[in-house]
Amino acid sequence: MTRRVVIGTAAVSMAVSLAACGKAGDGGSAGGGDGGDGKTIGLLLPENKTTRYETFDRPIIEAKIKALCSDCEVKYNNAAQDTETQKKQFDALVTQGVKVIILDAVDYKATKTWVQQAEKKGVKVVAYDRLAEGPIAAYVSYDNEKIGRLQGEALVKALGAGAKDADVVMINGSPTDPNAPLFKRGAHSVLDKQVGKIVYEQDIPDWSPDEANKKMGAAVDSLGKDGFQGVYSANDGMAGGIITALKKQGVKVPVGGQDAELAGLQRILKGEQSFTIYKQIKPEAETTAEIAVALLKGEKFDHLTPTKVTSLTGEFKNIPAKLYDAQIVTKDNIADTIIMDKVYQAADICTAEYKAACEAAGIK
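*Asks:* Break down the packing of aromatic side chains for me, with residues and values.
*Replies:* We describe a pair of aromatic rings using the distance from one ring centre to the other and the angle between the two ring planes. Tallied over the full model, the rule gives three aromatic pairs. Judged by centre distance (5.8 Å) and plane angle (70 degrees), the ring pair of F56 and Y344 falls under edge-to-face. One end of the pair, F56, is in helix α2 (residues 52–68); the other, Y344, is in the loop between α11 (335–339) and α12 (346–349), and 288 residues separate them in sequence. This pair shows no difference in class: F56 is buried, exactly as Y344 is. Between F183 and W207, the aromatic rings sit 6.3 Å apart at their centres with planes inclined by 65 degrees, giving edge-to-face as the arrangement. Remark: W207 occurs in the loop between β7 (197–203) and α7 (209–223) and F183 occurs in helix α6 (residues 179–194); sequence separation between them is 24 residues. Each member of the pair F183 and W207 is classed as buried.

*Asks:* Tell me about the state of the cysteines, and name the residues and values.
*Replies:* Tallied over the full model, the rule gives two disulfides. Each sulfur in the disulfide pair C69 and C72 lies 2.0 Å from the other. The chirality of the disulfide connecting C69 with C72 is right-handed, given an S-S dihedral of about 70 degrees. When sorted by exposure, C69 lands in the same class as C72, which is buried. The side chain of C350 participates in a disulfide bridge whose partner is C358; the two sulfur atoms lie 2.0 Å from each other. Around the S-S axis, the bridge from C350 to C358 shows a dihedral of about -95 degrees and counts as left-handed. Assessed through its relative accessible area of 1%, C358 is described here as buried. The cystine pairing of the protein chain, numbering bonded cysteines in sequence order, is 1-2, 3-4.

*Asks:* Give a detailed account of the pairing of strand β9 (residues 276–279), specifying residues and quantitative values.
*Replies:* Both faces of β9 are covered, namely the face carrying T276 and Y278 and the face carrying I277 and K279. In terms of strand pairing, β9 meets strand β12 (residues 326–329) through four bridges, oriented antiparallel. Following the sheet pairing, I277 is matched in β12 by I328.

*Asks:* Run through the sheet that holds strand β1 (residues 40–45), naming residues and quoting values.
*Replies:* As summarised here, the arrangement of the seven strands in space is β2-β1-β3-β4-β5-β11-β10, forming an open sheet in which the pairing is mixed. In this open sheet, the two edge strands, each paired with only one partner strand, are β2 (73–78) and β10 (307–309). The sheet shows a mean angle of 25 degrees between the axes of neighbouring strands, direction not considered.

*Asks:* Talk me through helix α4 (residues 111–120); I want residue IDs and the actual numbers.
*Replies:* Restricting attention to buried positions, one finds in α4 the residues T111, W114, V115 and A118. Down the axis of α4, the buried side of the element spans an arc of 90 degrees, and every buried residue falls inside it. Contacts from the buried residues of α4 go to α3 (83–95), β3 (100–103) and β4 (124–128). G122 sits one or two positions beyond α4 and adopts a positive phi of about 80 degrees.

About the criteria used
- Residues numbered from 1 in each chain as written.
- Predicted model: local features only at pLDDT ≥ 70, side-chain atom pairs only at ≥ 80, totals over all residues.
- Heavy atoms only, no water.
- Phe/Tyr/Trp six-rings, centres within 6.5 Å; stacked < 30°, edge-to-face > 60°.
- Helix = DSSP H or I, 4+ residues; strand = E, 2+ residues; numbered from the N terminus.
- Buried < 20%, exposed > 50% of the residue type's maximum accessible area, 1.4 Å probe, protein only.
- Disulfide = S-S within 2.5 Å.
- Pairing = 2+ DSSP bridges.
- Axes fitted to C-alpha atoms, helices over the stretch in contact; angles between N-to-C directions.
- Arc of directions from axis to C-beta.
- Contact = heavy atoms within 4.5 Å.

Structure below.
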């Protein structure tokens, strides 16, 4: 939990330069070739509403693959939250002869037949961040149930002395994301015992901040402005929508999130959001790249996957996996986590609007 990993501002500047040569849906590949030369790795990310994918995950994975295999090519696509689009992208990689695909699935249940068909053609699939269904070669993510527990614990702490009698609203993640039920289960394991009761709960398709905003508005309408004392939000993007809805109704209660997004950190400093969960993306992304290159070269990667997991349906067992830890970030430790690890610099967070809040939190 105290492991410190430097992401480096290079990741951010790389993301900007990479964005210029490969937008979502265009293939974004670094060169020609049909992928059948044993030097191409496919990279399929699920969506671009959450800022992390284009800003961190993609450039870090691409840079690590290049560092390990200078003549390797990465064929990249982003599905923009559309399962059918991702299926076409996946099938195209298989048709082109790509032998290793890093897949962060839009809908984990939909991937079973894709991965099975790919396996028959000798294609290895590494599930990244979300555990896809099917005969996956390896899986790299976080202990997502534990993240849910951390979110629950942070909300209980934010509620303070009144936690045991507090009524809480839960706004959960997308039903098609296999991590969402794990976050939910982890959060429930804490909240069900340590708060009064859950008075309103919704899953939000596509992790949509707009939909979270609408559901929060509906919750206030049905419960009344004093009908709840805290809100669990599965991520920072939705927390933004939730806080906007609460402000509109003049309600101020603790709201938590996840992902340590820039806007979320700024809301935390301003006192609008209570906490976020910081997941170090660099080790997750680099380990995935290492496994993909090892698979491409036919090398062993057991040292990178110390655990085994079972797919959410229970059908696919003993999948080699690496699960990283995460930590709670509040106003008190942004400097010791996010800024120290160079995810963002103080200058990124402390724009004119947040300068006073940064100074109050000791961030310069």
